[in-house]
Structures are given as C-alpha cells and as structure tokens.
Amino acid sequence: MFPQIKSERLMKMKERILEILSEALPQIDFTASNALVDDGILDSISIVTLVTELSQEFGVVFDLEELAPENLNSIDAITETVTRLKNG
C-alpha cells in the first residue's frame, strides 16, 4: 500500500477511535494524556468499556496481554494496538 494512503487510513481510524472513546467515556479527555492507565484516568471499568466498544467497531479481539498499560495509555497507543489486531 502507498505510504500516503496508509497514513490517511490510519488517521481516519484514529479519528474514529477517538469518537468512539469520547462517546463511550465522555468524562475522559483522551488527547490530554499519554498515561491514561498509569495515571488512573482509565480504571478497570473504563478499560472494559473501551475494549468492548473497540471490539464491536473494528471486529478485533483483545487478548489479556493486549490489555497492558502501554497499549492503552494514549490515543496513539490504542490506535496502534487496534491496527496491529486488525492486521494480525
């Protein structure tokens, strides 16, 4: 795939993920932190909500190891994780 097309698709996915997260968890500003899990912004209930919404939208399955904080600490990390799972 051409780099520009891949980049555009990644940006669209990131935007959609941000929409989903903002709708599911409106009290959280996902763009303001790079430590959503580490800083306690995302708690266990929020993570379950997040994973459920992402799984339904993108048809991906999060294994236990995918729930590591480094995969969920920022919108970029979440996007990378969903992309990796989709391409898995």
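Above this note sits the structure.
Once a new chain begins, its residue numbering starts again from 1 and follows that chain's sequence as written. Restriction of local features to residues with pLDDT of at least 70 applies here, the model being predicted, together with a cutoff of 80 or more for giving and counting side-chain atom pairs; totals for whole chains, interfaces and linings are based on all residues. Computation of side-chain values: all heavy atoms of the structure, hydrogens and water removed.

Enquirer: Outline the pattern of salt bridges, listing residues and values.
Expert: Where charged atoms from two side chains of opposite charge come close, those side chains can pair. The salt bridge definition used is simple: a Lys or Arg side-chain nitrogen within 4 Å of an Asp or Glu carboxyl oxygen. Per the stated rule, a full pass over the model turns up four salt bridges. For Arg-16, the salt bridge goes to Glu-19, with nearest N and O atoms at 3.0 Å. Separated by three residues within a single helix, Arg-16 and Glu-19 lie in helix H1 (residues 3–24), roughly one turn from each other. Its relative accessible area of 41% is what places Glu-19 among the partly exposed residues. Where Glu-66 meets Arg-84, a salt bridge forms, and the shortest distance between an N and an O atom there is 2.6 Å. Here Glu-66 is found in the loop between helix H2 (44–58) and helix H3 (69–72), whereas its partner Arg-84 is found in helix H4 (residues 75–87), with 18 residues between them in sequence. Among the residues examined, Glu-66 registers a relative accessible area of 12% and is labelled buried. Runs of E in the DSSP output that reach at least two residues are strands. Runs of H or I that reach at least four are helices, and both are numbered from the N terminus. When a residue's accessible area, from a 1.4 Å probe over protein chains only, is under 20% of the maximum for its type it is buried; when over 50% it is exposed; and in between it is partly exposed.

Enquirer: Before we move on, could you go through the nonpolar core and cite the residues and values that matter?
Expert: Generally speaking, a soluble globular protein has its nonpolar side chains buried in company with each other. Among the buried residues, those of types Ala, Val, Leu, Ile, Met, Phe, Trp, Tyr and Cys that are joined through side-chain atoms within 4.5 Å form a nonpolar core. Judged by nonpolar contacts, the single largest core of 21 residues is most densely connected at Ile-17, Leu-50 and Ile-78. Breaking this core down by element, the ones donating at least two residues are H1, H2 and H4. Counting residues per element, this core draws most heavily on H2, at five residues. When residues no more than four places from it in sequence are discounted, the contact partners of Ile-78 are Ile-17, Leu-21, Leu-36, Leu-50, Leu-54, Asn-71 and Leu-72. Residues count as neighbours in contact if any of their non-hydrogen atoms are within 4.5 Å of one another.

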